Amino acid sequence: AVVSTQSTWKAVVSTQSTWKAVVSTQSTWANKNTKQAVAGERVEITVGEQGCSANMIFAGSVMGKARADSNAPQTVTEFEADVSILADAKFSIDVKATNVGSLFRGEETTEQPFDFPLVSAPAYFDKILGLVNPNTGKLLKSKKPVESVMPGQTAKVTVRLSGEGIPLDEYAKFRETGRFLVRGDQGQGSLVAVGKITSTDWM
């Protein structure tokens, strides 16, 4: 289930058929307990068997029964994405077409923290699949493998996480968990590139 929260703490909970979220509501009216609330009422809610309160849930939170593989939120360790480097950024993506040394392609030259919706996690550009026409979204034909993406360019790339997987989705399906940011100075500087995940099952 995905829980999204807004500033007034309105919770939207979606549940799957194999498990149910336990939602209890406590009215702000004194001595009034209820199992349901209607539009306009202010309530406090607890989600889950153990109880997740408002301060434990934030925008983009993902919940599920991790003990049951079929119900656990799916995590991703590698994905395909369209990445656009800002025109004024002092940043480029440089990845050799073949592996160099003992590291994966791009691991040595591009690994740094990426800002995902749920967490900042170390990742790197594994391969540049080609440059993208920003107007049509289609790959540009090239006789030679593309090994560099410069400021102002958009490219289709594959990205690998350096650690454990995190919940991510295709941008076309869920915008909130389908995008990421890249910052300069090893993730500590200003914004240099933005990415949209196009596939999580491309391999």
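Worth saying up front: this structure is predicted, and the values here are computed from it rather than measured.

## Details of the overall build of the protein chain
Next, step 1: On a plain count of helices and strands, the protein chain comes out with two helices and 14 strands.
Next, step 2: For the protein chain, the residues scored as buried account for 33% of the 203 residues in total.
Next, step 3: Sequence separation of 24 or more characterises 61% of the internal contacts of the protein chain that already satisfy a separation of 6 or more.

## With respect to a nonpolar patch on the surface
Next, step 1: Taken together, the side chains of L86, L191 and V194 make up a nonpolar region of the molecular surface, amounting to roughly 180 Å² of accessible area.
Next, step 2: Here L86 shows up in the loop between β7 (78–85) and β8 (93–94).

## So, the packing of aromatic side chains
For any pair of aromatic rings, the description rests on two quantities: the centre-to-centre distance and the angle between the ring planes.
Next, step 1: Counted by the stated rule, this structure contains six aromatic pairs.
Next, step 2: With a centroid separation of 6.1 Å and 85 degrees between ring planes, the pair formed by F79 and F116 is classed as edge-to-face. Of this pair, F79 sits in strand β7 while F116 sits in the loop between β9 (112–115) and β10 (120–131), and the two are 37 residues apart along the sequence. Comparing F79 with F116 shows no difference in burial state: the two are buried.
Next, step 3: Taken together, a centroid distance of 5.8 Å and an interplanar angle of 45 degrees make the contact between F116 and F180 tilted. Residue F116 is found in the loop between β9 and β10, and its partner F180 is found in strand β13 (residues 179–183); the two are separated by 64 residues along the sequence.
Next, step 4: Look at F180 and you get buried, because its relative accessible area is 1%.

## A few points about the sheet that holds strand β14 (residues 191–199)
Next, step 1: The six strands are arranged β7-β12-β10-β9-β13-β14 in a closed barrel whose pairing can be described as antiparallel. Strand after strand, the sheet turns through a mean of 45 degrees between neighbouring axes, direction not considered.
Next, step 2: With seven bridges connecting them, β10 and strand β12 (residues 154–161) associate as antiparallel partners. Considered in β12, the bridge of L131 is made with A155.

## Remarks on the pairing of β13
A regular strand carries its side chains on alternate faces of the sheet.
Next, step 1: Side chains F180 and V182 project from β13 onto a buried face, and the interleaved R179, L181 and R183 project onto a face without burial.
Next, step 2: Of the strand pairs in this sheet, β13 and β14 are connected by five bridges, and their pairing is antiparallel. Bridged to L181 within β14 is V194.

## Some words on the pairing of β12
Next, step 1: Of all eight residues in β12, seven are buried, a share of seventy percent or more.
Next, step 2: Pairing of β7 with β12, which is carried by seven bridges, proceeds in the antiparallel orientation. Directly across from E78, in β12, lies its bridge partner R160.

## Notes on the nonpolar core
Here is a general trend for soluble globular proteins: nonpolar side chains tend to be buried in one another's company.
Next, step 1: If you look at the biggest cluster of nonpolar residues, it comprises 29 residues, and the most contacted ones within it are F79, I93, F116, F125 and F180.
Next, step 2: The leading source of residues in this core is β10, at five residues.

Criteria and cut-off values
Each chain carries its own residue numbering, running from 1 in the direction its sequence is written. The predicted nature of this model means local features are confined to residues of pLDDT at least 70 and side-chain atom pairs, given and counted, to a pLDDT of 80 or more, with totals for whole chains, interfaces and linings taken over all residues. Side-chain calculation: all heavy atoms of the structure are included, whereas hydrogens and water are not. Helix and strand assignments come from DSSP, with helices taken as H or I runs of at least 4 residues and strands as E runs of at least 2, each series counted from the N terminus. Exposed residues in this analysis have more than 50% of their type's maximum accessible area, buried residues have under 20%, and partly exposed residues fall in between, with area computed by a 1.4 Å probe over protein chains only. The criterion used for residue contact is that any of the two residues' heavy atoms lie within 4.5 Å. A patch consists of residues exposed above 30% relative accessible area that lack any salt bridge, with like charges linked at up to 9 Å and nonpolar side chains (Val, Leu, Ile, Met, Phe, Trp, Tyr) linked at up to 5 Å. Accessible areas in this description were obtained via Shrake-Rupley with a 1.4 Å probe; residue shielding takes into account the shown protein chains only. One speaks of a salt bridge when a side-chain nitrogen belonging to Lys or Arg is within 4 Å of a carboxyl oxygen belonging to Asp or Glu. In this analysis, rings of Phe, Tyr and Trp, with Trp reduced to its six-membered ring, are considered paired at centre separations within 6.5 Å, and the interplanar angle assigns stacked below 30 degrees, edge-to-face beyond 60, and tilted for intermediate values. By this definition, two strands are paired if DSSP reports at least two bridges between them. Between N-to-C directions, angles span 0 to 180 degrees; the directions come from axes that are lines fitted to C-alpha atoms, helices contributing only their stretch in contact. Among the buried residues, those of types Ala, Val, Leu, Ile, Met, Phe, Trp, Tyr and Cys that are joined through side-chain atoms within 4.5 Å form a nonpolar core.

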